[in-house]
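Take a look at the letters that make up each chain.
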Amino acid sequence: MPEANDGGTRLPDVKAVSRRGMLAGVGAAAIIVPGAASTLDTTTETESGVAAFGPVTVRPGDSRYDNLLRGNNFRFAGRPDEIRVVGSTEQVVRAVSEAVRSGRRVAVRSGGHCFENFTADPAVKLLLDLSPMDEVGYDAARRAFAVQPGATLGHVYRTLLKGWGVTIPGGGCPEVGAGGHFAGGGYGPLSRRYGSVVDHLYAVEVVVVDQAGTARAVVATREPDDPNHDLWWAHTGGGGGNFGVVTRYWLRSPGVTGTDPSRLLPAAPQRMLQHVIFWSWEHMTEKALTGLLRNFGTWHERNSAPGSKYAGVYGILQPSHRAGGTVMLVVQIDADLPDADGMATAFVSAVTAGVDLTPVLDLRRSMPWLHRMTWPGSGEPGDVLVRRYKIKAGYLRRSFTEKQLAAIYRNLTNSTGGQGSGMLLVGYGGQVRAVAPEATAIAQRDVVMKAVYQTIWGEEADDAANLAWVRGLYRDVYAGTGGVPVPGEVNDGSYINYPDADLADPAWNTSGVPAQRLYYKDNYARLQRVKARWDPRNVFRHALAIEPPR
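Thresholds applied
Residues take numbers from 1 onward in each chain, read along the sequence in its written order. Per-residue local features of the predicted model are confined to residues with pLDDT of at least 70, and side-chain atom pairs are confined, for both listing and counting, to 80 or more; whole-chain, interface and lining totals are unaffected and use all residues. Water and hydrogen atoms were dropped before computing side-chain values, which therefore reflect all heavy atoms in the structure. When DSSP locates at least two bridges between a pair of strands, those strands are taken to pair. Secondary structure follows DSSP: runs of H or I at least 4 residues long count as helices, runs of E at least 2 residues long count as strands, and numbering of each begins at the N terminus. An axis is simply a line fitted to the C-alpha atoms; with a helix, the fit covers only the stretch in contact. Between two such axes, the angle follows the N-to-C directions and lies from 0 to 180 degrees. The predictor rates its confidence in each residue with pLDDT, a number between 0 and 100. Note on contacts: a residue pair qualifies if any of its non-hydrogen atoms lie within 4.5 Å across the two residues. Throughout, the term roughly parallel applies to angles under 35 degrees, roughly antiparallel to angles over 145, roughly perpendicular to angles from 65 to 115, and oblique to all others. A crossing counts as left-handed when the near helix is turned anticlockwise from the far one by less than a right angle, and as right-handed when that turn is clockwise. Note on residue categories: nonpolar means Ala, Val, Leu, Ile, Met, Phe, Trp, Tyr, Cys or Pro, charged means Asp, Glu, Lys or Arg, and polar means any other residue, Gly included. With a 1.4 Å probe rolled over the protein chains alone, any residue whose accessible area is under 20% of its type maximum counts as buried; one over 50% counts as exposed, and the rest are partly exposed. Here the expected length of a helix is defined as 1.5 Å per residue gap, with one fewer gap than residues. Here, a salt bridge means any side-chain nitrogen of Lys or Arg that lies within 4 Å of a carboxyl oxygen of Asp or Glu. Think of it this way: a Phe, Tyr or Trp ring, Trp meaning its six-membered ring, pairs with another when their centres are within 6.5 Å, and the plane angle makes it stacked under 30 degrees, edge-to-face over 60, tilted otherwise. Look at NZ for Lys and CZ for Arg. If either is within 6 Å of the ring centre and within 35 degrees of the ring normal, a charge sits over the ring. Each patch is built from salt-bridge-free residues with over 30% relative accessible area, joining like charges within 9 Å and nonpolar side chains (Val, Leu, Ile, Met, Phe, Trp, Tyr) within 5 Å. For the accessible areas, the method is Shrake-Rupley and the probe is 1.4 Å, while residue cover comes only from the protein chains on display.

**Some words on the sheet that holds strand E4 (residues 106-109)**
Taking strand neighbours across the sheet as the criterion, the 4 strands line up as E2-E3-E5-E4 in an open arrangement whose pairing is mixed. A strand with exactly one partner marks an edge of an open sheet, and here the two such strands are strand E2 (56-58) and E4. Strand-to-strand twist in this sheet, taken as the mean axis angle between neighbours without regard to direction, amounts to 20 degrees. With 4 bridges joining them, strand E3 (residues 82-85) and strand E5 (residues 126-129) adopt parallel strand pairing. When the bridges of E5 are listed, Ile83 appears paired with Leu127.

In structure tokens:
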């Protein structure tokens, strides 16, 4: 699934459980959905006897075509020969088979939040839209929760909570599709406490294409003796659009026992305590800004070990460009953890230590966890006027260096940044660091933060200026390593769910380290072997795809 947006960095706003009673598709077992009287059979009809959705083929000239063409980032719009909207695994198999037989390039979209043009590449002739495949339910046979790729994170959270009181440590943007979010690793406000989403991935169903051009659905699990185990491993952070079309995920935490669904994933928090502080750029000095950034990093260096008392604390520091007017600090924590209020206070005190600033807003409150995670976010009406963006990212094993801090201040105060320009530091580590780098495809396990550099704007005429600004910031921050976050003492590559095609462009990456190594490090060779086995014809590819071994 070439979805890429992680949704883990959603910021706070200061201003029928089951849609169908079954899961249709190859390889699906009987699924229990909340409110169902019993286990439901897997068929091609709903419980009411109405045929399952799709397939629907939309071509240029159809009144629906332009409505379905664009994803979330309006910078990109391909022109495929057709958009195939599908509702089952069988329909995906048929669509992929037709694409291979006709020699047409195929791409897949679930939520549509890809940061780059993976699904809007002009070379793509068949765009598969999996958004109708959005069921979430419990599979008793596998003792795991089944999630289809078109389910948005908000729908996943609501269904898991309403039905069983459980959740996953996913991102905070409720409109992001599960398809790409899961395949790239997935993280969010609960990840320091419970790890990445893929640390709870039990199995995956993927439509793959063999050397003869035959498409088929394969189920791969984390069981070590599963002959398809390597395909499961590749989807624990290997990114979407590389090996096939994901049509279903199954989630169950490792090491859990029994058949009670309410104990097979982490319990959803009842309430989330959130503290938000805004400072104005009017009084923001270089000493103050770099002090906040340095303190935020130092706190995470000291409090990001697995099992740390502070593993439940999730922090975000977001300095906008001076033109944006504000710098924001957010801390979130399960309000029912012991001394949650005290831990939030300690975090804020540590980040603001020695920084002489008066907030323009200082607000602390608790709210229901589900409300916090499903409040309207990306894709809502307020965002429609600013839907062009460029995102770049990097992992951090420790705080920024002094040279990097100076570069950040220099770029956040220059004359070329706009109101939508800025960056974020996002807390990571904790339980994420309890997993070995080779255990999943996520190689960056010994990290404590993610850095996100972004610019968001509304008009095509402003593309060049905004791209130049964020690229300049990024190159300046990583000037000592060829303009990109080459793994080392401080930096540790980047995150495939924040894809950045510039990393594969020698004009912007002069490090000599290929983009795939920045994303996957030592796991890349194994990913290439999986690619050779499961996609020998290289049917599934994009600008940052896993390349077949040479």
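**Concerning the confidence of the model for the protein**
Per-residue confidence for the protein gives a mean pLDDT of 91; residues scoring 70 or more make up 89%. Long-range and interchain partners of residues 10-29, a stretch whose pLDDT sits below 50, account for 81 contacts in this model, where long-range means more than four residues apart. The low-confidence segment residues 36-46 (pLDDT under 50) makes 26 contacts with residues lying over four places distant or belonging to another chain.

**A look at the packing of helix H10 (residues 402-412) against helix H11 (residues 463-477)**
One can describe the packing of H10 onto H11 by two numbers: an axis separation of 8 Å at closest approach and a directional angle of 160 degrees. Taken as axis vectors, H10 and H11 run roughly antiparallel relative to one another. The two elements H10 and H11 cross, and the hand of that crossing is right-handed. Packed against H10, whose contacting residues are Gln404, Ala407, Ile408, Arg410, Asn411 and Leu412, the element H11 presents Trp469, Gly472, Leu473, Asp476 and Val477 at the interface. Residues belonging to the contact of H10 with H11 are distributed by class as follows: 6 nonpolar, 3 polar and 2 charged.

**Concerning the side chain of Arg445**
With respect to the element layout, Arg445 can be found in the loop between strand E16 (421-427) and strand E17 (449-457). Residue Arg445 is classed as buried on the basis of its relative accessible area, which comes to 2%. Discounting chain neighbours no more than four positions away, the residues touching Arg445 are Ser196, Asp199, Val432, Arg433, Val435, Ala436, Pro437 and Thr440.

**Side note on helix H3 (residues 153-164)**
With 12 residues, H3 should reach 16 Å at 1.5 Å per residue; the first-to-last C-alpha distance of 16 Å fits that figure. For H3, the full list of buried residues reads Leu153, Gly154, His155, Val156, Tyr157, Thr159, Leu160 and Trp164. Just downstream of H3 lies Gly165, where phi reads positive at about 75 degrees.

**Side note on the pattern of salt bridges**
This model, assessed by the stated rule, comprises 31 salt bridges. When the shortest N-O distance is used, the salt bridge between Asp446 and Arg397 registers 2.7 Å. Within this pair, whereas Asp446 is found in the loop between E16 and E17, its partner Arg397 is found in the loop between strand E15 (388-396) and H10, the two being separated by 49 residues in sequence. A salt bridge links Asp476 to Arg410, with the nearest nitrogen and oxygen atoms 3.1 Å apart. Placement of the pair is Asp476 in helix H11 and Arg410 in helix H10, with a sequence separation of 66 residues. For Arg410, a relative accessible area of 44% puts it in the partly exposed group. One continuous salt-bridge network, built from bridges that share partners, spans Glu116, Lys390, Lys392, Arg471, Asp500 and Asp502.

**A short note on the packing of aromatic side chains**
As enumerated under the stated definition, the model contains 21 aromatic pairs in all. Between the aromatic rings of Tyr520 and Tyr524, the centroid separation amounts to 6.2 Å while the plane-to-plane angle is 5 degrees, which identifies the pairing as stacked. In terms of burial, Tyr520 and Tyr524 fall into one category: buried. One cation-aromatic arrangement involves Arg70 over Phe74; the distance from NZ or CZ to the ring centre is 5.4 Å.

**A few points about a nonpolar patch on the surface**
Taken together, the side chains of Val360, Leu361 and Leu363 define a hydrophobic patch exposed on the protein surface, amounting to about 220 Å² of accessible area. If you trace the backbone, Leu361 turns up in strand E14 (residues 361-368).

**Regarding the sheet that holds strand E11 (residues 271-280)**
Backbone hydrogen bonds are what pair the strands of a sheet, in a parallel or an antiparallel way. Strands sit in the order E14-E11-E13-E12-E16-E17-E15 across an open sheet of 7 strands; the sheet is antiparallel. Two strands in the sheet have a free side with no partner beyond their single neighbour: E14 and E15. The average angle at which neighbouring strand axes cross in this sheet is 15 degrees, direction not considered. Pairing between E11 and strand E13 (residues 326-334): 9 bridges, direction antiparallel. When the bridges of E13 are listed, Val276 appears paired with Val330. Helix-sheet contacts for helix H7 (residues 286-302) involve E11, strand E12 (314-319), E13, E16 and E17, and the interaxial angle to E12 is about 160 degrees.

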